[in-house]
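Structure assessment
These are the residues of each chain, in order.
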Amino acid sequence: MRTLLIIGALLATVLSASPRIAAQTRSTVSDSNAKNAAPLMGEVLDAVGRPMPDVEVYLAGTEFKTRTDARGFWIFPNPPRGARVLGVRSLGYAPVVRALNISGRYPDTIPIALRKLPRTLSAVKVQATYAGAVLDATAMAERIQQLRVSTGKLYTRDSILAKQPQSMVDLLMGIPGIIARREQQGFTAFSTRSGTGAMAVAGSPCPIQFFVNRAAVDLEFVAAMSPLQWQSVEVYPITTMLSGLPMVSGACGAIVITMM
């Protein structure tokens, strides 16, 4: 009888301690996850949905680089947080460059589909396209780095779809230093910032310059576009030099659209 009482007391002690142990375990796991970004992963498929092995996947401007396995799967177990540029390329296929925000809380899964380059391209042009993808991704990564120290904003594909904008004005509303208005014939967009860095003070409204895939375009061109065609949108209210883009005289700030 005494033995049974001792066993019962031990069981009661263990059971009463279990919630505290579980809570401590969850706390430890939570603290560990808070220090490390969640994994970034995905798969690369061809135009008909077949997995593509040995495709290069990298985060531009960082040392993170990997290749897909036999299932077309890739993963960065502990990627850097924040706005980054993902590059995917394989010889003979059109490279993909995608801006994204890496969360420190939830794993991100990025599906990528690669399309074959036209067969009429020469080997030299294929190699140039292959190498140019890295230059494009690096230039975008350098621009996004500027967003971290300014009042600009990056809209990724996911955030564009979540916001469901009807036009560019819907994306620009509420961004400091930007004035955007709908007009009968399209819209207008101005920057109210002059100078760079600490000199970025309020000034007279200045027309914003627009770029689509590195080419300078006018407001009418952007107004005719559907936001559903946009892969990402970079918004820079402050006049600055942007990597990989020609500056337009008489304009302030910039909005860079990357197409699907």
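Residues numbered from 1 in each chain as written. Predicted model: local features only at pLDDT ≥ 70, side-chain atom pairs only at ≥ 80, totals over all residues. Heavy atoms only, no water.

What the protein contains, in helices and strands, is five helices and 15 strands. Nonlocal contacts in the protein, meaning residues at least 24 apart in sequence, comprise 61% of its contacts between residues at least 6 apart. Total accessible area on the protein stands at roughly 14900 Å², and carbon and sulfur atoms take up 59% of it. (Helix = DSSP H or I, 4+ residues; strand = E, 2+ residues; numbered from the N terminus. Contact = heavy atoms within 4.5 Å. Areas by Shrake-Rupley, 256 points an atom, 1.4 Å probe, with all protein chains shown as cover.)

Under the definition given, this model contains one disulfide. With a sulfur-sulfur separation of 2.2 Å, Cys-206 is cross-linked through a disulfide to Cys-252. As the torsion about the S-S bond is roughly 80°, the Cys-206-Cys-252 disulfide counts as right-handed. With a gap of 46 residues between them, Cys-206 in strand β11 (residues 201–207) and Cys-252 in the loop between β14 (230–236) and β15 (254–259) connect regions that are remote in the sequence. Note on accessibility: Cys-206 and Cys-252 belong to one class, buried. (Disulfide = S-S within 2.5 Å. Buried < 20%, exposed > 50% of the residue type's maximum accessible area, 1.4 Å probe, protein only.)

Here we take up the pattern of salt bridges. Per the counting criterion, the structure on display carries seven salt bridges. The residue Arg-71 makes a salt bridge to Asp-69 at a minimum N-O spacing of 2.9 Å. For Arg-143, the salt bridge is made with Glu-234, and the minimal N-O distance between the two is 2.9 Å. With Arg-143 in helix α2 (residues 123–147) and Glu-234 in strand β14, this pair connects stretches of sequence that are 91 residues apart. For Arg-143, a relative accessible area of 4% translates into the label buried. Taken together, the shared-partner salt bridges connect Glu-56, Lys-65 and Arg-89 into one network. (Salt bridge = Lys/Arg side-chain N within 4 Å of Asp/Glu carboxyl O.)

Okay, the packing of aromatic side chains next. Under the criterion given, the structure shown has three aromatic pairs. When the ring of Phe-187 is compared with that of Phe-210, the centres are 5.9 Å apart and the planes differ by 80°; the resulting orientation is edge-to-face. Taken together, the positions of Phe-187 in strand β10 (residues 186–194) and Phe-210 in strand β12 (residues 209–212) put the pair 23 residues apart, joining distant regions of the chain. Residue class for Phe-187 comes out buried when judged on its relative accessible area of 6%. (Phe/Tyr/Trp six-rings, centres within 6.5 Å; stacked < 30°, edge-to-face > 60°.)

Bringing the environment of Ala-224 into the picture now. Along the chain, Ala-224 turns up in the loop between α5 (219–223) and β14. A residue is classified by how much of its surface remains accessible, and Ala-224, at 70% relative accessible area, is exposed.

Our focus in this paragraph is the sheet that holds strand β7 (residues 108–113). In space, the three strands of this open sheet follow the order β4-β1-β7, with mixed pairing throughout. Of all strands in the sheet, those bounded by a partner on one side alone are β4 (73–76) and β7. Looking at each pair of strands side by side, their axes are set apart by 20° on average, direction ignored. Note: strand β1 (residues 40–45) against β7, six bridges, orientation parallel. Each bridged residue has a counterpart across the sheet, and for Leu-40 the counterpart in β7 is Asp-108. (Pairing = 2+ DSSP bridges. Axes fitted to C-alpha atoms, helices over the stretch in contact; angles between N-to-C directions.)

Pairing is antiparallel in the open sheet, where four strands are placed in the order β3-β2-β5-β6. Of all strands in the sheet, those with a lone pairing partner are β3 (65–67) and β6 (96–102), marking the two edges. Each strand of the sheet is rotated relative to its neighbour by a mean of 25°, with strand direction disregarded.

Taken residue by residue, the protein gives an average pLDDT of 77. The fraction at 70 or more is 75%. Note that residues 1–35 has pLDDT below 50 and, in this model, four contacts with residues that lie over four places away or in other chains. Below pLDDT 50 for its whole length, residues 195–201 participates in 13 contacts with residues either more than four positions away or in separate chains. (pLDDT = per-residue confidence, 0-100.)

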